[in-house]
Every structure is written in C-alpha cells, then in structure tokens.
Amino acid sequence: MQKFLKYQSLTLLWALFILVICCVSLGKVGQSHLFFKGFDKLTHTGLFFVLTVLTFYGLFRKQRSVNLSGPVFVVVLFCMFLFGGAIELLQWKVFTYRSAEWDDLFCDMLGSLMGIFSILVTTHAIQAQKQ
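The residue count restarts for each chain, going from 1 along the sequence in the order it is written. With pLDDT at 70 or above as the cut-off, local features in this predicted model cover only qualifying residues; side-chain atom pairs require 80 or more to be listed or tallied, and sums for whole chains, interfaces and linings still use all residues. As a convention, hydrogens and water are excluded, and side-chain values are obtained from all of the structure's heavy atoms.

Chemist: Can you help me understand the overall build of the protein chain in this one?
Modeler: Helical segments are the DSSP runs of H or I of at least four residues, strand segments are the runs of E of at least two, and each set is numbered from the N terminus. The helix and strand inventory of the protein chain stands at four helices and zero strands. Overall size of the protein chain, expressed as C-alpha extent along the three principal axes, is 55 × 35 × 20 Å. Relative accessibility decides the category of a residue: with a 1.4 Å probe and only protein chains considered, values under 20% of the type maximum give buried, values over 50% give exposed, and everything between is partly exposed. In the protein chain, which comprises 131 residues, the proportion classed as buried is 29%. Only heavy atoms matter for contacts: two residues are in contact if any of them lie within 4.5 Å across the pair. Contacts in the protein chain between residues far apart in sequence, at least 24 positions, make up 78% of those at least 6 positions apart. Throughout, the Shrake-Rupley method with a 1.4 Å probe supplies accessible areas, and for residues the shown protein chains are the sole cover considered. When the accessible surface of the protein chain is totalled, it reaches about 8700 Å², and 71% of it is carbon and sulfur. Positive charges are assigned to Lys and Arg, negative charges to Asp and Glu, while His and the chain termini are left out of the count. Charge placement uses NZ in Lys and CZ in Arg. For Asp and Glu, CG and CD serve respectively. Side-chain charges in the protein chain split into 11 positive and 6 negative, and the spacing between the mean points of these groups amounts to 16 Å.

Chemist: In this structure, what is going on with the side chain of Thr 45? I would like to understand it.
Modeler: Within the secondary structure, Thr 45 sits in helix H2 (residues 39–63). Setting aside residues no more than four positions away along its own chain, Thr 45 makes contact with Cys 107, Leu 110, Gly 111 and Met 114.

Chemist: Please explain unusual backbone geometry as it appears in this structure.
Modeler: Even without a glycine there, the phi angle at Arg 64 is positive, about 55°. For Arg 64, a relative accessible area of 71% corresponds to the exposed category.

Chemist: Whenever I open this one, helix H4 (residues 102–130) confuses me. Can you help?
Modeler: Expected helix span is taken as 1.5 Å per residue step, with the number of steps being one fewer than the number of residues. Along its 29 residues, H4 runs 42 Å from first to last C-alpha, staying within 8% of the 42 Å computed at 1.5 Å per residue. Of all the positions in H4, only Asp 104, Leu 105, Cys 107, Asp 108, Met 109, Gly 111, Ser 112, Gly 115, Ile 116, Ile 119 and Thr 123 are classed as buried.

Chemist: When you look at a positive patch on the surface in this model, what are you seeing that I'm missing?
Modeler: Residues Lys 3, Lys 6, Arg 61, Lys 62 and Arg 64 make up a contiguous surface patch of positive charge. Every element with two or more residues in the positive patch is listed here: helix H1 (2–23) and H2. For Lys 62, the location among the structural elements is in helix H2. Residue Lys 62 is classed as partly exposed on the basis of its relative accessible area, which comes to 46%. Only residues above 30% relative accessible area that lack a salt bridge enter a patch, with like-charged residues linked at up to 9 Å and the nonpolar side chains Val, Leu, Ile, Met, Phe, Trp and Tyr linked at up to 5 Å. In the sections that follow, a salt bridge refers to a side-chain nitrogen of Lys or Arg positioned within 4 Å of a carboxyl oxygen of Asp or Glu.

Chemist: Help me understand the nonpolar core, please; the structure alone is not making it clear to me.
Modeler: When a protein is soluble and globular, its nonpolar side chains tend to lie buried together. Residues belong to a common nonpolar core when they are buried Ala, Val, Leu, Ile, Met, Phe, Trp, Tyr or Cys residues joined through side-chain atoms within 4.5 Å. Among the nonpolar cores identified, the biggest contains 15 residues, and Ile 18, Phe 48, Leu 51, Phe 56 and Met 80 are the most heavily contacted of them. Every element with two or more residues in this core is listed here: H1, H2, helix H3 (70–93) and H4. By residue number, the principal contributor to this core is H2, which donates five residues.

Chemist: Help me out: how do you make sense of a nonpolar patch on the surface in this one?
Modeler: On the surface, Leu 34, Phe 35, Phe 36, Phe 39 and Leu 42 cluster together into a nonpolar patch covering about 490 Å² of accessible area. Along the chain, Leu 42 turns up in helix H2.

Chemist: Could you clarify how one ought to interpret the side chain of Glu 88 in this entry?
Modeler: With respect to the helices, strands and loops of the structure, Glu 88 is situated in helix H3. Although Glu 88 is buried, it makes no salt bridge; Lys 41 carries the closest opposite charge, 7.5 Å away. Once residues lying within four places of it in the same chain are set aside, the contact partners of Glu 88 are His 44, Ser 99, Ala 100, Glu 101, Asp 104, Leu 105 and Asp 108.

Chemist: Can you walk me through H3 in this structure?
Modeler: Think of an α-helix as 3.6 residues a turn; residues three or four steps apart then line up on the same face. If you check H3, its first and last C-alpha atoms are 35 Å apart, about what 24 residues at 1.5 Å a residue would give, namely 34 Å. Listed in full, the buried residues belonging to H3 are Phe 73, Val 76, Met 80, Gly 84, Gly 85, Ile 87, Glu 88 and Gln 91.

This is the structure in structure tokens:
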C-alpha cells in the first residue's frame with residue numbers, strides 16, 4: 001500500500017480536491033456572471049482529464065517505463081467511472097444542495113477519454129523517437 005501511495009500521491013490529492021469542490025456548497029458563486037452556460041461541464045471534463053493523466057503518470061513512475069497494456073487503460077477508465085459515479089451519487093443523496101446529473105458523469109468520462117488519448121499519443125511519440 002505504501003508503494004502505491006508513493007507513486008499515486010498526486011493522483012490522490014487531486015481526487016480529494018475534486019471530491020471537495022464537487023460536494024461543497026457554492027452558494028451564489030454558481031450564479032455569478034463570470035460563469036458561462038456549460039462551465040460546470042467544462043470543469044468536470046478538465047478535472048477528470050487531469051486525474052487520468054496523473055494516474056498514468058504514477059503508473060509510469062512505478063514501472064519506470066511508458067509501456068502499458070490495453071487492459072490497464074480499461075481498468076483506469078473504469079476506476080474513473082466509479083469515482084465520477086460516486087460523486088454524482090453523493091450529490092444526489094448526501095449533498096442535496098448540489099445536483100446530480102448524467103451529463104456530469106458523461107463529461108467526467110469524456111475528460112478521462114481525452115486523458116487516455118493524450119497518454120496514447122504521447123507514449124507513441126516517445127516510443128517512435130527511441131527507434
């Protein structure tokens with residue numbers, strides 16, 4: 001467990017940050033003129049993009065290589081789905097001042113898929129450069 005925490009500490013801190021900002025009451029901040037329609041969805045996408053990239057960063061550091069198998073990508077995506085779903089369930093049942101929306105979960109997955117895509121492109125470029 002300590003080895004996992006060593007390599008995924010940034011991921012866990014970012015996940016905690018996501019959990020806090022998704023469950024805290026925003027009060028009238030969400031109604032500010034500074035936020036445009038769809039800002040919430042863009043935020044979900046960005047937060048999960050970063051979470052996914054940090055997860056892979058930890059995996060790369062742990063194995064000291066940028067080679068990962070296909071099932072690893074599926075497992076990471078499934079974990080992101082579970083985390084995003086848990087946040088929406090918390091917003092629905094516990095933090096009822098926040099709204100649980102399928103669109104938020106969709107944007108979480110979109111951000112994770114974008115993160116996976118960026119990791120695939122980056123690792124492919126690294127491997128091609130080595131050859």
